[in-house]
Amino acid sequence: MLLSDLAELCGVQGSWIGLISDSKGVREERKPKENYVIPEIRITHTSDPVTPSLILITAPAAVGKTTAAHYLSNTLRAPIVDLSTLHVGSNALEGALWKSMSPGKAGHFVEEMKSGRATLIVDALDEAEIRSGQANFQAFLRDVAETASDMSGKPAMITLSRAESARSLTELFKERNLQYSHFEILPFGRAQAETYLDARMVEVYAASGKEAVHRRYLAPYEKARDTLFSLLASVISHGSSDIWEDPSVRDFLGYAPVLDVAAEFLAVDNFTTLHRDFSSSEAAEGTAHWHLVAQVIDHLLVREQDKFVTQFVETMEFESFGDRRLSAALYTPEEQCTRLLDYVENIPTSVELPALLPERLREPYEVAVAAQLVNHPFLRGSQWFNVIFRDYVTARSLASVTTAGDAGASIRNRLLSSEWKHSPMFGYFTHALTRVKGVSVSTCHSELFGALYESFKSMCVAGDTLHFTAGRTGNRLFASYAVSSKPQGEMILTMGPLNFVSYEGSLTLTFPRELSNAEIYEVPEVMLGGEGSSFKFGPSVYVACHDLLVVAKDVQVFGMGDEAEMPVLLNVANLISENVKIRVESAQLHLLCDDLYYPWTQYQKKLNPSKLHSNAREASALYLELRRIVLRFKDAKKGEAALFQPFVDNLIIGENRRARTALDFLQSIGCVEVRNSMYLLDLAEFAKLGISRPQLRELEMSEAVVAVSQRLVEFASRKGK
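Residues numbered from 1 in each chain as written. Predicted model: local features only at pLDDT ≥ 70, side-chain atom pairs only at ≥ 80, totals over all residues. Heavy atoms only, no water.

### Concerning the overall build of the protein chain
At step 1: The number of helices and strands found in the protein chain is 27 helices and 26 strands.
At step 2: Taken across its 721 residues, the protein chain has 55% of its residues classed as buried.
At step 3: A fraction of 71% describes how many contacts in the protein chain between residues 6 or more apart in sequence connect residues 24 or more apart.
At step 4: In the form shown here, the protein chain has an accessible surface area of approximately 30,600 Å², with 49% of it arising from carbon and sulfur atoms.
At step 5: Placing the 73 positive and 90 negative side-chain charges of the protein chain at their respective mean positions leaves the two points 3 Å apart. (Helix = DSSP H or I, 4+ residues; strand = E, 2+ residues; numbered from the N terminus. Buried < 20%, exposed > 50% of the residue type's maximum accessible area, 1.4 Å probe, protein only. Contact = heavy atoms within 4.5 Å. Areas by Shrake-Rupley, 256 points an atom, 1.4 Å probe, with all protein chains shown as cover. Lys, Arg positive; Asp, Glu negative; His and termini not counted. Charge placed at Lys NZ, Arg CZ, Asp CG, Glu CD.)

The following block contains the structure:
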C-alpha cells in the first residue's frame, strides 16, 4: 500500500487549527511538498480487528520520515510536534500543544482527536532520545501512551521514528495492552526512483543556475540513468535481468541518499560525454561504480554526523560545558566506523574521543552516541543492513590514521579468519579509499594483501581467473590483482590490474585459504593457512621467498588437467611447518630448499648451484624467471606462441626486475618480439638454446640450463652497467 492509503484511515480536520506560535516545537505544513513521491509502506504489526489508538511509522535513516510527516500534515490538516527541536520529558507533549495553540485551542484539538476527527503527528522520536536523555525520554513515552489510551474511533496519533528508538514505545504499548499499528516505509521501486531522481536533478541543476537539460534530451538521459543504475546494481547482484526485482538491489537503489548522489553524478551538460566517462580508466579497471558507491556511503556518514551534532550541542550538558567549535570533531565518520565494527563484529578497537572534549562531557557524550549508534543507517537491528556497508566500514577503518597498532591488527586478523565471509566490495573499497588522486597505486598493510586476494577471488564466476603478483620493491611490497575471462576462447581482462603497495617495513604476506595463478618473488616471509585449516594450492603458482611458514595442517595441490598449466614451484630459503599433510592431484609440486624433511623431501627439485659456476644464486633466480615466463606462452600459429602484452607487463613482470631482465634477454637474442600488442615467442629460435619446454616444466638440469643461466647473469651485468 501507499502512504496515501494510510492517510485515508486517519481523522481529517475540517480546517487548520491555527497556531499562535510556530517556535514552540509545533508546526503546520499548509503548503504541499513539491514533486513529492508518495512511498510504499508495509505493515509489520496490526491491531485488527480493534481500531488502533496510534499508528507508528518507522524507516531507516534518510528514507524520508520527515518528508512523509510533511505530506501527512498537509493531507490531514494535522499539526506536527517536531521532537528534533524540543527537550522532552513529563508533560512535554501537552505543554508543546498549549504553547503553540493556546490552552483553549489545545483543549479543543485534543477533544477532536479523542473522537477521531483530528490527527496529531509526532516526528523525530529518535532524535528526542539523544537531545533529552534516557530518563526524560522514557517519561515522554509514558505521556504519549497515556494520550493514546484516551483515543477512540479512528487512529488520531501518528508517530515517526527510526526502528530502534520506536522499540521502547512498542514495548510500552504491549505492557499497557494498548492497540497500535506499525508500518514501515519501503525504499522506492523503479518508477518511484525515476520520478524522485528527475525531481532531484531539477534541484541540482537549479543550484548551479542551469537549465534542467535532462528533460530536453530525455532519451540520452534515460540511457545514462539506466546505465548508472546497472553499474550500481552490479555491486550487489548479477542474477536478475530486471535489477529492480532483486530486493537487495531495490533496498540500495531505492534509498533516497543514493539517488541524491546519483543526481549529482548525472547532472551534466552532455550525456554522451558521461557515457564516455563510463569507459574511462576507472571503468576499464572495473572500479568506476565502486568509487560512486563509496561517495554515497561517505555522504551517509557525514549526514549521520550532522544529525547527531545538531542534537547533542542542544543538550543541557553541552550547553553548560561545551564549545561549539568542537562540532566538527564529534561523531566523525571514522569514529562511526570504529564503533560499528565493535558493535556488530565485536572487534575491540579503541575509540579516540575528541581531545578537546571536556572530561565532564565524556560520559554524556558516550550515552548520546550509544543511543544514536543503534539507529545507524548501516544497521538492521544488531546486524549490518547489507555487506556493502560492512565492507566499506572495514576498509575505511583500516585506511584511517586513527586505526593503528593493536586495533588495525585485530581487524586484519578477523579478515584473515575463517569467520569472515568475503565479498569483492572490501577489495574495491580498499583500493578506492587508500588511493591518492592521480596515482595508480593504493597503499595498505601487507597483511591485507591476502584478504584482498580472498575478496577479489569471491567475484570470480565460472570461466574467470584471478591473477595475483607480488614482490619486494625497496622496503615495501608491491601487489597487483586482475581478473580475466575467456568468453570466446581469447582471454580478456574483466577487472584491473589494480595495484597496491604496502606501508614502509610491512613485508609479510598471509594467505588463509588458497593461492592459485600467483607470482610471488623476493618476499621475506609468506604464511599459508590459519586456524588449522586446509590450504589449497594451484594451479600455476610460483613463490620465491626467504621464509615460508605453513600454518595449515593440510596442503592440497590441484591442477586443471591442462598440461600447459604451470606447476606449483616454491623457491624458499627456509621452510617452517609442523605435522603437515600434503596431497598432490593433477599437478606437480616442486620445492627448492636446502634443508627439507618429510613429507616435503619427495617434492624437492634442486638446481645444483655448483654447476652454475659464479653468481650461482642470482643465476638460479634469473633462470627460474625465464622458465616462468616461457611456460606462460600459449601456442598460436605454427612455430609461434603468444601472450597479450599488457598481461605480461602488468601481471607476469610487474615490478619484478629479474623477470624484466629475463624477458629483455629473450628479446635480445631474437626469441621474443612485440607485434600488435602481443609478445610472440619464436619456438625455433628458443629451441636453439637447447632447452625444451618439457625440460622447463620438470626443472630438468642439463648443460644447456647451466649455459643459459650463465648467459642471463652476464646479460644482467651488462644491463646494470
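### Digging into the sheet that holds strand β15 (residues 514-515)
At step 1: Read across the open sheet, the 4 strands follow the order β15-β17-β19-β21; overall the sheet is parallel. The sheet is open, and its two edges are formed by β15 and β21 (581-584), each paired on a single side. (Pairing = 2+ DSSP bridges.)

### Quick notes on the state of the cysteines
At step 1: In this structure the tally under the stated criterion is 0 disulfides.
At step 2: As a non-bridged cysteine, C444 has C337 as the owner of its nearest cysteine sulfur, 17 Å distant.
At step 3: Take C460: it sits in no disulfide, and the sulfur closest to it among the cysteines is that of C444, at 18 Å. (Disulfide = S-S within 2.5 Å.)

### What to know about unusual backbone geometry
At step 1: In the segment running from G538 into P539, the intervening peptide bond is cis, with an omega of 0°.
At step 2: With respect to the secondary-structure elements, P539 resides in the loop between β17 (534-537) and β18 (541-550).
At step 3: Following Y598, the chain continues into P599 via a peptide bond in cis, with omega recorded as 10°.
At step 4: For P599, the position within the fold is in the loop between β22 (589-592) and α22 (616-632).
At step 5: Its identity as a non-glycine residue notwithstanding, N177 has a phi of 60°, on the positive side.

### A closer look at the confidence of the model for the protein chain
At step 1: Overall, the predicted model of the protein chain reaches an average pLDDT of 86, with 94% of residues at or above 70.
At step 2: The weakest mean pLDDT in the protein chain belongs to helix α13 (residues 281-285) at 48; the strongest belongs to helix α21 (residues 448-457) at 96. (pLDDT = per-residue confidence, 0-100.)

### Some remarks on the environment of V351
At step 1: Locating V351 in the fold gives a position in the loop between α16 (333-345) and α17 (359-373).
At step 2: A C-alpha to C-alpha distance of 24 Å links V351 and Q295, two positions 56 residues apart in sequence.

### As for helix α8 (residues 190-207)
Every α-helical turn comprises 3.6 residues, leaving residues that sit three or four positions apart pointing alike.
At step 1: If you check α8, its first and last C-alpha atoms are 26 Å apart, about what 18 residues at 1.5 Å a residue would give, namely 26 Å.
At step 2: The complete set of buried residues in α8 reads Q192, A193, Y196, L197, A199, R200, M201, V204 and Y205.
At step 3: Two residues or fewer past α8, G209 is found with a positive phi of approximately 70°. (Expected span 1.5 Å × (residues − 1).)

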